[in-house]
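Per-entry structural report
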Amino acid sequence: MYPPRLLLPALALAFAPPLCAQSPPDAPPAYLTALVLLERGDTTRALDHLREATRTAAGFGPAFLRLGSILTTRAPELTRAVGLRREAEAALDRARRLLGETPTVLAELGFLRRKQHMYPAARWYLQRALRAAERGGANTLSAGDRARVHFELGLLYEAAAEDGEDLVWLPGDAEHGWTCGGRSGRLSFTRLATTCPAEWAAAVSLLRIEPATVNADRERAIDHFRRATAADPNHVEAAVRLAAHSAAAGDWDEVVRELDRIAAVASADPRTHLFRGMVLHRSGHDDEAAAAFDRALALLPPTDRRQFQDVAHLLPAAGRESYDRVSETRRAAVSNAFFATADPLLLTPSEELRLEHYARLAWAELWFGAPEAGLRGWETDRGRIFLRYGAPALRIQYRPAALTPERVAIWSYGPDGPNFVFRRVATHRIARLDSPSRALADHLARFAPHRYEPAAVTRVLSVPFQIARFRGPTGSLRFIVAAPVPLDSLEVGPADRLETGVFLVPPDAAPGTVLSSVTRAAVPAGAIRTRIDAPPTDVYILGIEARRAAADSIPRPLARVRETVHAPPFPEGRLSLSNLLLLDQPPAAGPPPTTPPVEAARPHALFSPGEPLHLFFEVYGLRPDAAGWANHRATLTLEPLHQPGILGRLRDAIAPRRDPPARLSWERSAPLDGGVLRDAISLAAPPLPAGDYVIRLQLTDPSGGGSAEARRHIRVRAAGVSQSDADHVPR
């Protein structure tokens, strides 16, 4: 790949000063003036004087060489921008006739041919330039010029190496004629990949690795990059490419050595910290990676910093539309909230998703940038897919027909997909999604825009849970949270420690605002039960996690819950009810507990037929009498959960709603405790058929007026069905 355009401190980092810097004694005045302007950095005016020198001194070769050199450096690689390249070619051809095939002329012709995408010719000229320089004499190359030639040769061999990367042999009759399930018609091999990933995974076993020169070309590229840094230790771009190849090989120590080399000569280059953060994250040192990324972001120009903070492409369609409507200043808060709420592992202090996002951006820019198309790494098709889904589980490349310059690459993210097909011309860096893959990518962008699980998570287990909201101290809310812990599935033995955490992530997710209760128990418990006090807000993201306690880098299963929890304040001066808290055991005789009984909270809302229900709740806003007592009337019912909408109305019409299978009514007068009435009751339910039910508590205040209602959904599982098979209870 060509050097990324990311954060180049100056164009001079990518291109050494033009070759042939001498000023011959017979130089025309316009040429001398151009040299002075170049020394001042005024390239635009210098070009005007060089053009004048070539017109007034048509036999003066250095003017043509200098003009061609600068035009080659300035000429963009965009296919449509050919004017400068044509002018550069005319100037260099004239210099070749006047000066002969000197190393400098040959080198400049090689640089130009590379810009013209004439890669074999570029390699030929650059190799000839090195051989001519080896003969010595007056016509040789300076150390900086020699480094530039080696660097350009390294880029050419790097492109050739990619043509053979992951190359397989696909028999001609295997390109078409595939079937998939009950689909009619025959599918191509690429269409099979995107449409039927499981069948495609089985078909891949028919392929064989094709003998390729990929290793030889890659080794040649690395050798030339090393020669470039040996000739010019300040050649930052060659060191970046060496770091890229070491990263691709997983040699993180060598990557760090190359980054140290860059830091020594370009301490303000943000890439040093950016790529160091990528390496540290990949090698499991997330705390250090976060610090490195923070330093990189501080050095980034505003445009690049915005790209790293932009999460639009990671959001589903509805979220992306809302994100596009918020102000630029508000987007930073939205970005923070997204990374905090979507973090796949809240038990660790690092924001793994944010770090992975930054690392993917760095990798995409390092390997998928396409300067000839004016595209950053993350703007290319491969970069976008990599940014959303990371490195594919399997990557293959093949020639769709003999002697064709086209390459077809398929990225597979497992037997369940998704799979993406890219097509590109050999030696070209731009690879484009084919039409079915683009349609698939667009569809997934609406519903499943990104995928990431930390390497230390081997399996994610979904578990049921219960959360109940109460009034807390000094205007806060108190949440009681309970969930079962599947010890066997988490591979937790009697001698292991268990690590659990319950988290409430607020909407803005500002640093220090995530509320949590984390424990590491020496004796593993079969359930999580905890309370968290939190200020009222619109919503929180509830996170529940459990895993075997070990070093963060050790792979193991994770039990995880992510759920949106509404958290408005309880109204002052009005009758209101807490959530109904399901209990594991009947309330003790005597007065109800003075606080919600955390230790008795039921870890789920799944019941067996005929199992009794035990509840705790609090009432706020009752009007007391002079003695501090308050009267209330209540009705508790248990009834089937009716489906809303057309289907629900149709079912009600076929089977009209009957009386609830369980009802309990009472009127009671009781003393208030700090303005709160607490109560705990049991309800003996008859054996109910499997299904979803709702417990409804309706309460009125005869003295103060007003009414309030609280509901709790439960699920009755069929006999013989396990807790895990019963799935989640609707909330």
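Refer to the structure above for everything that follows.
Residues numbered from 1 in each chain as written. Predicted model: local features only at pLDDT ≥ 70, side-chain atom pairs only at ≥ 80, totals over all residues. Heavy atoms only, no water.

**Quick word on the overall build of the protein chain**
In plain terms, the rule: Numbering of helices and strands runs from the N terminus; a helix is a DSSP stretch of H or I covering at least four residues, while a strand is a stretch of E covering at least two. Each residue is placed in one exposure class: buried if its accessible area under a 1.4 Å probe, protein chains only, is under 20% of its type's maximum, exposed if it is over 50%, and partly exposed if it falls in between. Contacts: residue pairs with any heavy atoms within 4.5 Å of one another. Areas reported here follow the Shrake-Rupley algorithm with a probe of radius 1.4 Å; residue values treat only the protein chains shown as occluding.
Within the protein chain, the regular secondary structure consists of 21 helices and 23 strands. Evaluated residue by residue, the protein chain yields a buried proportion of 51% over its 731 residues. A sequence separation of at least 24 residues applies to 66% of the contacts in the protein chain between residues at least 6 apart. Split by element, the accessible area of the protein chain, about 32700 Å² in all, is 53% carbon and sulfur.

**Topic: the side chain of Asp269**
Rules: For this analysis, a polar contact is any N or O atom pair within 3.5 Å, provided that within protein one partner can donate a hydrogen and the other can accept it, and provided that sequence-adjacent residues contribute only side-chain to side-chain pairs.
Its location among the elements puts Asp269 in the loop between α12 (252–265) and α13 (270–282). Note on Asp269: relative accessible area 1%, which makes it buried. Within the structure, Asp269 has its side chain in polar contact with the side chain of Arg271 (distance 2.8 Å).

**Digging into the packing of helix α7 (residues 143–163) against helix α11 (residues 236–248)**
Applied cut-off: For helices, the fitted axis covers only the stretch in contact; all axes are lines through C-alpha atoms, and the angles between them, taken along N-to-C directions, range from 0 to 180 degrees. Our angle categories are set so that under 35 degrees counts as roughly parallel, over 145 as roughly antiparallel, 65 to 115 as roughly perpendicular, and the remainder as oblique. Rotating anticlockwise by less than a right angle from the far helix to the near helix defines a left-handed crossing, while the corresponding clockwise rotation defines a right-handed one. Think of it as three bins: nonpolar holds Ala, Val, Leu, Ile, Met, Phe, Trp, Tyr, Cys and Pro, charged holds Asp, Glu, Lys and Arg, and polar takes everything else, Gly as well.
The contact between α7 and α11 brings their axes to 10 Å, and the two run at 30°. In this view, α7 runs roughly parallel relative to α11, as classed from their interaxial angle. Taken as a pair, α7 and α11 cross one another with a handedness that is left-handed. Between α7 and α11, the residues in contact are Phe151, Leu155 and Glu158 and Glu237, Ala238, Arg241 and His245, respectively. Residue composition of the contact of α7 with α11, grouped by class: three nonpolar, one polar and three charged.

**Comments concerning the packing of aromatic side chains**
Worth spelling out the cut-off: Here the aromatic set is Phe, Tyr and Trp, taking the six-membered ring for Trp, and pairing holds for ring centres within 6.5 Å; pairs whose planes are under 30 degrees apart are stacked, those over 60 apart are edge-to-face, and all others are tilted. Here, a charge over a ring means that NZ of Lys or CZ of Arg falls within 6 Å of the ring centre while also lying within 35 degrees of the ring normal.
As enumerated under the stated definition, the model contains 20 aromatic pairs in all. For the ring pair Phe308 and Tyr358, a centre distance of 5.8 Å and an interplane angle of 55° mean the geometry is tilted. Taken as a pair, Phe308 in helix α15 (residues 302–309) and Tyr358 in helix α18 (residues 352–368) lie far apart in primary sequence, 50 residues in all. Summarising the burial analysis for this pair, Phe308 and Tyr358 share the class buried. Pairwise contacts between aromatic rings join Trp178, Phe189, Trp200 and Tyr398 into one cluster. Positioned above the aromatic ring of Trp367, the side-chain terminus of Arg241 is 5.0 Å from the ring centre. In this arrangement the basic side chain of Arg469 is found over the ring face of Phe570, its NZ or CZ atom lying 4.0 Å from the centre.

**With respect to the pattern of salt bridges**
Worth spelling out the cut-off: The salt bridge criterion pairs a side-chain nitrogen of Lys or Arg with a carboxyl oxygen of Asp or Glu, the two atoms within 4 Å.
Applying the stated criterion to the full structure yields 45 salt bridges. Glu89 is the salt-bridge partner of Arg113, the closest N and O atoms lying 3.5 Å from each other. Of the two residues, Arg113 sits in helix α5 (residues 103–115) while Glu89 sits in helix α4 (residues 83–99), which places them 24 residues apart along the sequence. Close ionic contact of Asp673 with Arg678 constitutes a salt bridge, the shortest N to O distance being 3.1 Å. Classification of Asp673 as partly exposed rests on a relative accessible area of 41%. A single network of salt bridges, built from pairs that share partners, joins Glu499, Arg547, Asp552 and Arg556.

**Quick word on the sheet that holds strand β11 (residues 515–521)**
Sheet strands line up and pair through hydrogen bonds in the backbone, either parallel or antiparallel. The cut-off we apply is this: The rule for pairing is simple: two strands pair if DSSP sees at least two bridges between them.
Strand order in this open sheet of five strands is β7-β14-β13-β10-β11, and the pairing throughout is mixed. Edge positions in the sheet fall to β7 (457–462) and β11, since each of these pairs with one other strand and no more. Sheet twist, expressed as the mean angle between neighbouring strand axes with direction ignored, is 20°. Here strand β10 (residues 498–505) pairs with β11 via seven bridges, running antiparallel. Bridge pairing in β11 places Phe503 opposite Ser516.

**Looking at helix α1 (residues 29–40)**
Applicable threshold: To estimate how far a helix should reach, multiply one less than its number of residues by 1.5 Å. Comment: arc refers to directions from the helix axis out to C-beta atoms.
With 12 residues, α1 extends 17 Å between its outermost C-alpha atoms, agreeing within 8% with the 16 Å of an ideal straight helix rising 1.5 Å per residue. Every buried residue of α1 is listed here: Ala30, Tyr31, Ala34, Leu35 and Leu37. Buried residues of α1, viewed axially, fall in a sector of 165°; they line one side. Structural note: α1 exposes Pro29, Glu39 and Arg40 on the side pointing more than 90 degrees away from its buried face. Contact partners of the buried residues in α1: α2 (43–56) and α3 (61–74). The positive-phi residue at the C-terminal boundary of α1 is Gly41, with phi of around 90°.

**Quick word on the packing of α1 against α3**
Running from amino to carboxyl end, α1 crosses α3 at an angle of 35°, the nearest separation of the two axes being 11 Å. By crossing handedness, the relation of α1 to α3 is classed as left-handed. From α1, Tyr31, Leu35 and Leu38 reach across to α3, where they touch Pro62, Ala63, Arg66 and Ile70. Split by residue class, the contact of α1 with α3 holds six nonpolar, no polar and one charged.

**A few points about the sheet that holds strand β3 (residues 394–398)**
Pairing in this open sheet of four strands is antiparallel, and the strands run β3-β4-β5-β6 from one edge to the other. One side of each edge strand has no neighbouring strand; the edge strands of this open sheet are β3 and β6 (432–433). Here five bridges tie β3 to strand β4 (residues 406–412), and the two strands are oriented antiparallel to one another. Opposite Leu394, over in β4, you have Ser412 as the bridge partner. Across the face of the sheet, helix α19 (residues 381–389) comes into contact with β4, β5 (419–425) and β6 while running at roughly 155° to β5. Packed on one face of the sheet, helix α20 (residues 435–447) meets β5 and β6 and runs near 135° to β5.

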